[in-house]
Number of protein chains: 2
Amino acid sequence: MSRGATITPPAGETARRAYDLQGCLVHDLRSKLRGAGLRPTRQRVALGWLLFAKGDRHVTAERLYEEATLSRVPVSLATVYNTLHQFTQAGLLREIAVDGAKTYFDTNLSTHHHFLVEETNALFDIPGAQVEVGRLPEPPPGMVIDRVDVVVRLRKA
Amino acid sequence: MSRGATITPPAGETARRAYDLQGCLVHDLRSKLRGAGLRPTRQRVALGWLLFAKGDRHVTAERLYEEATLSRVPVSLATVYNTLHQFTQAGLLREIAVDGAKTYFDTNLSTHHHFLVEETNALFDIPGAQVEVGRLPEPPPGMVIDRVDVVVRLRKA
DNA sequence: TTACGTGCAAATAATTTGCAGTCCC
DNA sequence: GGGACTGCAAATTATTTGCACGTAA
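A brief look at the structure comes next.

What counts and what doesn't
- Residues numbered from 1 in each chain as written.
- Chains lettered and ligands numbered in written order.
- Predicted model: local features only at pLDDT ≥ 70, side-chain atom pairs only at ≥ 80, totals over all residues.
- Heavy atoms only, no water.
- Near = heavy atom within 4 Å.
- Polar contact = N/O pair within 3.5 Å; in protein donor to acceptor, adjacent residues only side chain to side chain.
- Helix = DSSP H or I, 4+ residues; strand = E, 2+ residues; numbered from the N terminus.
- Nonpolar A, V, L, I, M, F, W, Y, C, P; charged D, E, K, R; others polar.
- Core = buried A, V, L, I, M, F, W, Y, C linked by side-chain atoms within 4.5 Å.
- Buried < 20%, exposed > 50% of the residue type's maximum accessible area, 1.4 Å probe, protein only.
- Contact = heavy atoms within 4.5 Å.
- Least-squares fit on C-alpha atoms with pLDDT ≥ 70 in both.
- Arc of directions from axis to C-beta.

### Quick word on the protein's contact with DNA strand D
Thought 1: With respect to spatial proximity, 22 residues lie near DNA strand D, and among them T41, R44 and T79 of chain A together with Y81 and T103 of chain B are the closest.
Thought 2: The sugar-phosphate backbone supplies 76% of the atoms of DNA strand D found within 4 Å of the protein.
Thought 3: The backbone of P74 of chain A places a nitrogen or oxygen atom 3.1 Å from a phosphate oxygen of DNA strand D.
Thought 4: Between DNA strand D and Y81 of chain B, the relevant distance is 2.7 Å, taken from a phosphate oxygen to a side-chain nitrogen or oxygen of the residue.
Thought 5: At the level of secondary structure, the elements contributing two or more residues to the surface near DNA strand D comprise α2 (42-52) and α4 (77-89) of chain A together with α4 (77-89) of chain B.
Thought 6: For the surface near DNA strand D, the element with the most residues is α4 of chain B, which contributes five residues.
Thought 7: Classifying every residue of the surface near DNA strand D gives nine nonpolar, seven polar and six charged.

Quick look at the structure:
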């Protein structure tokens, strides 16, 4: 069982193109995993699929676990956590710095920043390069700047 | 007992000035608390003292609890958490947005940003106005920008 | 006096870990 | 076949809550 996440060849012209695309993406994913020293197991490919097939996303472990369950991909919550961290280490995901209890993972790897709605803890990308950090501080001796995170906190007008 | 945190008049000219200053700060603190609808109880004043007497600080609840214990101010961890949140609501503290499990509270209320050392999770202020956010994005309709947090992540060179 | 605070211990919430069994190469 | 991966449940860590008692106004 649990082959629900496997791609089945669909009929029709449009669907055919979608299938090729999917096959390509899945292939890419498998390659990436392999390149990062991660075996492309059923669970990892399925979770990767859920993460990367829908464009840029911000997920929590809990949320991804729900989605996997809904998609008939039986994974354990622990595996979701492990996989998210492994993907992050492999450079497929970015962990986002917002406070609040939960950890968010972002599939958008390009340099960009975030809006945070304070009441709901909803998180979304700030489109394009609409934020620019003008001056950067001198890092302390012996340290280098790894990354700059900007969080724009929003509340109702 | 537990009067360890109480201010005892010291001898000497310099010390005398320090005492006046302290008395003043404590008085300010009590007023602030009252203004915010918080009774200036022994615990709140003691914790406020630990927080505000040493200049700008970044503390976690756990750390402040330790300090209080070392200073012979017997408070429970739960009270430390409550107090930190009450102070934050009262505008005496700022909660800082970094990821990682722990929540940091900052006694520096002025607009400023932070360095985060990734391995140790150490946090410190970026001095002065060394960071400038050039362009800010348009907030979505019905929302206003509450605050912008910038975290500059550091790692060893 | 009396409502607001506090301490304690137990409850939650998010995440991690240990280990026995499973699957990919 | 063998080591990497997974699932489960139990362990950790950070924080919150319920409730009896204490204390400032």
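### What to know about the protein's contact with DNA strand C
Thought 1: Near DNA strand C, the surroundings consist of 23 residues, among which Y81, H85 and T103 of chain A together with T41 and T79 of chain B are the closest.
Thought 2: Taking S76 of chain B, its main chain carries an N or O atom lying 3.2 Å from a phosphate oxygen of DNA strand C.
Thought 3: The separation between a phosphate oxygen of DNA strand C and a polar side-chain atom of T79 of chain B is 2.3 Å.
Thought 4: Of all the secondary structure elements, the ones that give two or more residues to the surface near DNA strand C are α4 of chain A together with α2 (42-52) and α4 of chain B.
Thought 5: Counting residues per element, the surface near DNA strand C draws most heavily on α4 of chain A, at five residues.
Thought 6: When its residues are assigned to classes, the surface near DNA strand C shows nine nonpolar, eight polar and six charged.

### Thoughts on the nonpolar core
Thought 1: Grouped together as the largest cluster of nonpolar side chains are 22 residues, with contacts concentrated most on L33, L47, L51, L64, V80, L84 and F87 of chain B.
Thought 2: In terms of residues, this core owes the most to one element, α2 of chain B, which gives six residues.
Thought 3: Discounting residues that sit within four places of it in the chain, L64 of chain B has contacts with L47, L50, L51, V80 and L84 of chain B.
Thought 4: Counting residues in each nonpolar core, the second largest holds 21 residues, with L29, L33, L38 and A61 of chain A among its members.

### Remarks on the relation of the copies chain A and chain B
Thought 1: Superposing chain A onto chain B takes a rotation of 180° combined with a translation of 0.0 Å along the rotation axis, leaving an RMSD of 0.1 Å. Expressed as a symmetry operation, the mapping of one chain copy onto the other fits a two-fold axis.
Thought 2: Interface overlap between copies: 100% of the residues of chain A at the interface are likewise at the interface in chain B, consistent with a symmetric, same-surface contact.

### As for helix α3 (residues 61-70) of chain A
The periodicity of an α-helix, 3.6 residues per turn, causes residues three or four places apart in sequence to face the same way.
Residues and elements named next belong to chain A.
Thought 1: Looking only at α3, the buried set comprises A61, L64, E67 and A68. Take α3 and look down its axis: the buried residues cluster within an arc of 125°, on one side only.
Thought 2: Contact partners of the buried residues in α3: α2, β1 (58-59) and α4.
Thought 3: Directly after α3, the chain includes R72, whose backbone phi takes a positive value near 55°.

### Structural notes on unusual backbone geometry
Residue and element names in this part refer to chain B.
Thought 1: In this structure, R72 takes a positive phi of about 55° despite not being glycine.
Thought 2: Relative to the helices and strands, R72 resides in the loop between α3 (61-70) and α4.
Thought 3: Note on R72: relative accessible area 64%, which makes it exposed.
Thought 4: Of note, the phi angle at N121 is positive, near 60°, even though the residue is not glycine.
Thought 5: Among the secondary structure elements, N121 is positioned in the loop between β4 (114-117) and β5 (122-125).
Thought 6: For N121, a relative accessible area of 32% translates into the label partly exposed.

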